[in-house]
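Summary of the model geometry
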Amino acid sequence: MKDISCKLLVIGAGPGGYVCAIRAGQLGVDTVIVEMNKAGGTCLNFGCIPSKALIHAADEFEKVLLAAEGKNTLGITLEAPKLDLAKTVSWKNGVVGRLNNGVVGLLKKAGVKIVHGRAKFHDGKTVEVETETGTQVIRTETVVIATGSEPMELPALPFGGPVISSTEALSLAKVPERLVVVGGGYIGLELGTAFAKFGSAVTVVEALPRILPQYDAELTRPVARRLGELGVSVLTEAKAKGLSAKGDALVVETADGQEQELPADKILVTVGRKPVMEGWGLEELDLDRAGKFLRIDSQCRTSMRGVYAIGDVTGEPMLAHRAMAQGEMVAEIVAGNRRSWDKRCIPAVCFTDPEVVTAGLSPDEARAHGHEIKVGQFPYTANARAMTMQGEAGFVRVVARADNHLVLGIQAVGQHVSELATAFGLAIEMGARLEDIAGTIHAHPTQGEAFQEAALKALGHAVHI
Ligand code: FAD
Ligand code: NAD
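In this text, all values refer to a predicted model and were calculated from it rather than measured experimentally. (Residues numbered from 1 in each chain as written. Chains lettered and ligands numbered in written order. Predicted model: local features only at pLDDT ≥ 70, side-chain atom pairs only at ≥ 80, totals over all residues. Heavy atoms only, no water.)

**Here we look at the overall build of the protein chain**
Going by this rule: Counting from the N terminus, the helices are the DSSP runs of H or I reaching at least four residues and the strands are the DSSP runs of E reaching at least two. For this measure, only C-alpha atoms enter the radius of gyration; the expected value for a globule follows 2.2 Å times N^0.38, where N is the number of residues. Think of it in three bands: with a 1.4 Å probe and only protein chains considered, a residue is buried below 20% of the maximum accessible area for its type, exposed above 50%, and partly exposed in between. Contacts: residue pairs with any heavy atoms within 4.5 Å of one another. Areas reported here follow the Shrake-Rupley algorithm with a probe of radius 1.4 Å; residue values treat only the protein chains shown as occluding. Positive charges come from Lys and Arg alone, negative charges from Asp and Glu alone, with His and the N- and C-terminal ends not counted. Working definition for charges: the position is that of NZ of Lys, CZ of Arg, CG of Asp or CD of Glu.
Of regular secondary structure, the protein chain possesses 14 helices and 24 strands. Taking 2.2 N^0.38 as the reference for a compact globule, 465 residues should give roughly 23 Å; the C-alpha atoms of the protein chain span a radius of gyration of 24 Å, in line with that estimate. Taken across its 465 residues, the protein chain has 51% of its residues classed as buried. Contacts in the protein chain between residues at least 24 apart in sequence constitute 62% of all its contacts with a sequence separation of at least 6. For the protein chain, the accessible surface area stands at approximately 21600 Å², while carbon and sulfur atoms represent 52% of it. With 48 positive and 54 negative side-chain charges, the protein chain shows a separation of 4 Å between the mean positions of the two kinds.

So this is what it looks like as structure tokens:
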């Protein structure tokens, strides 16, 4: 096979890698991208997109189920609905497939060459790709490592049999009657909630005293309440010890030190993800690490000249939009433009019910940074749009400096608040003050009005409360 030479070689076509390659191609950089699986990476194939598709299906199913059970207050009645999970999964696969093709099309449109196979460094400038038809050698001036992350396994509970990761959970043939979720973080709660709505009896086992421990307790309270309403039982300060002798239950040590068996058809382990550091030749390069991740600087440069790294392989927060932003920045740098990481915040959304959004600093984090702060919080019980959508749980909270009212952080919990992440990110990125948000006309009736009211509340003159 003839060797390929290029200016930029990107390893991994997840959101970090494919955005980097597309932007580099647009900028006229001679770019090659290598992917051993499908374009779109974890995000598109086993992460963000398939999970949100199933969450949407679960929401729709729950709505019709409630109507059939006579629990709908809108005057809608129905016969008992049925769920065919195989059809749901096939619809989800259709969405993923369309997006896969979309990413490949965009790469081609930008003039990027795609090579399918597993890439392995020979040295900092040469990569060998095991393709279906043999070894392809690629020589390059610059490399971007975008190999992403994979599910973390618990030594006492290896994946296999009834013990599954998020990847398998997104493609189950039928709804498990009893689902035990180990880890009450992002994935565990997003998918645990969806399966509870599909009809599984769900138990969440969380090692720490609270679910979603990365957020403050006030923000997660509406989520915990809703889990209770959905019949999800949550065991906090509980440790998963392993499978029962028969393999049909999870043995846990509960907060009081007692052992308990939780019968389960499936055990979904979602205790975090780890960077993909093996299989691509790290040993040939000897790059510096930051803990378990690759160490990068403010331009995503690793410790080796000409070798960049982006996305989950470079650390927290492991989010698709962080990977994309890093990818875009590195493409610009490789094209000769002066860029470095200057983002003020990386918004995060947890697609639970209700949804949680955070951007910037929480009140506790702002205080820990030494700021004297003003906090304004506006509840969805006082928002007309939330009432019309039966989504009154939750609130929007704005955190600002007390002296000059610069907004430091915005958090929200509520139905559909994921869409407010854009407004929150924009406000912080543009250096908004409370007066800027309060002085912006927010269309009525929308959930966004709660954002304006939270800013007004921090200023001491909310109108609708
Ligand atoms: P990845 O998407 O992991 O892509 C890396 C790619 O590199 C893969 O395609 C892999 O096959 C390829 N690769 C690895 N090694 C090689 C090699 N040697 N040769 C060739 N190719 C290689 N984030 C959000 O922001 N929002 C969400 O709603 C969200 N939901 C999620 C839900 C789930 C269930 C999961 C698991 C994750 C979710 N995430 C979400 C996280 C998000 O998926 C990741 O942050 C994101 O995919 C990271 O992008 P990346 O480009 O760094 O890596
Ligand atoms: P996570 O870090 O969000 O949650 C892991 C949870 O497992 C934590 O609450 C932790 O305390 C708990 N835990 C750890 N070890 C345990 C043990 N032995 N027993 C019981 N509980 C234990 O990790 P995740 O849910 O696997 O998600 C991985 C990453 O993927 C996230 O950090 C996030 O970056 C990304 N993700 C993002 C989204 C989103 O943006 N909406 C959705 C899913 C995943």
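**A few points about the sheet that holds strand β12 (residues 239-243)**
Within a beta sheet, neighbouring strands are joined by backbone hydrogen bonds and run either parallel or antiparallel to one another. Heads up, the condition is: Two strands pair if DSSP finds at least two bridges between them. All axes here are fitted lines through C-alpha atoms, helices being fitted over the stretch that makes contact, and every angle between N-to-C directions spans 0 to 180 degrees.
Judged by pairing direction, the sheet is antiparallel, and its three strands sit side by side in the order β12-β13-β14 without closing on themselves. Two strands in the sheet have a free side with no partner beyond their single neighbour: β12 and β14 (259-263). Within the sheet, the average angular offset between the axes of one strand and its neighbour, ignoring direction, is 30°.

**A word on a nonpolar patch on the surface**
For clarity, the cut-off: Each patch is built from residues lacking any salt bridge and having more than 30% relative accessible area; the joining distance is 9 Å for like charges and 5 Å for nonpolar side chains (Val, Leu, Ile, Met, Phe, Trp, Tyr). Here, a salt bridge means any side-chain nitrogen of Lys or Arg that lies within 4 Å of a carboxyl oxygen of Asp or Glu.
Together, V64, L74, I76 and L78 make up an exposed nonpolar region whose accessible area comes to about 320 Å². Within the element layout of this structure, I76 appears in the loop between α3 (48-68) and α4 (85-109).

**Focus: the packing of helix α1 (residues 15-26) against α4**
Our working definition: For classification purposes, angles smaller than 35 degrees are called roughly parallel, those larger than 145 roughly antiparallel, those between 65 and 115 roughly perpendicular, and all remaining angles oblique. Here is the rule for handedness: rotate from the far helix to the near one, and if that takes an anticlockwise turn smaller than a right angle the crossing is left-handed, while a clockwise turn gives right-handed. Each residue gets one of three labels, nonpolar for Ala, Val, Leu, Ile, Met, Phe, Trp, Tyr, Cys and Pro, charged for Asp, Glu, Lys and Arg, and polar for the others, Gly among them.
Contact geometry for α1 and α4: axes closest at 8 Å, N-to-C directions at 30°. With respect to their mutual orientation, α1 and α4 come out roughly parallel. The interaxial crossing formed by α1 with α4 has left-handed handedness. Between α1 and α4, the residues in contact are Y18, A21 and I22 and V103, L106 and L107, respectively. Considered class by class, the residues forming the contact of α1 with α4 number six nonpolar, no polar and no charged.

**Focus on the pairing of strand β13 (residues 249-253)**
Side chains on a regular strand alternate between the two faces of the sheet. Taken across its five residues, β13 has four buried, putting it largely inside the fold. Two elements, β12 and β13, share four bridges in a ladder whose sense is antiparallel. When the sheet's bridge partners are listed, A240 is paired in β13 with V252. Where β12 hands over to β13, the hairpin turn is made up of five residues, of which G247 adopts a positive phi near 80°. Two elements, β13 and β14, share five bridges in a ladder whose sense is antiparallel. Bridge assignment links V252 to a residue of β14, and that residue is Q260. If you look at the hairpin formed by β13 and β14, you'll find five residues sitting between the two strands, and G257 has a positive phi there, around 85°.

**Digging into the site of ligand 2**
Condition: Residues are classed as near a molecule or strand on a simple rule: at least one heavy atom within 4 Å of it. We define a polar contact as two N or O atoms separated by no more than 3.5 Å, with the added condition that, inside protein, one atom must be a possible hydrogen donor and the other a possible acceptor, whereas residues neighbouring each other in sequence contribute only through side-chain atom pairs.
Around ligand 2 sit 24 residues in total, of which I187, E190, E206, M318 and V349 are the nearest. Interatomic distance of 2.6 Å between a side-chain N/O atom of E206 and an oxygen atom of ligand 2. With respect to ligand 2, the backbone of V349 contributes an N or O atom lying 2.7 Å from a nitrogen atom. Against a free-state accessible area of 840 Å², the protein chains account for coverage of 80% of ligand 2. If you tally residues by element for the shell around ligand 2, the top one is helix α6 (residues 186-198), at four residues. Residues of the shell around ligand 2, tallied by class, amount to 13 nonpolar, seven polar and four charged.

**Considerations on unusual backbone geometry**
Of all residues except glycine, most have a negative phi; of all peptide bonds, most are trans. Between E316 and P317 the backbone carries a cis peptide bond, its omega angle lying at -10°. Examined against the element boundaries, P317 turns out to sit in the loop between β19 (307-309) and α9 (320-334). At the junction of H444 and P445, the peptide bond is cis and its omega measures out at -10° in the coordinates. Residue position: P445 is located in the loop between α13 (434-438) and α14 (449-459). With a phi close to 50°, E237 is a non-glycine residue in the positive phi region. Within the secondary structure layout, E237 lies in the loop between β11 (233-235) and β12. The backbone phi angle of C300 is positive, close to 65°, even though this residue is not glycine. A residue is classified by how much of its surface remains accessible, and C300, at 2% relative accessible area, is buried.

Function cannot be read off these values alone, since they describe shape.
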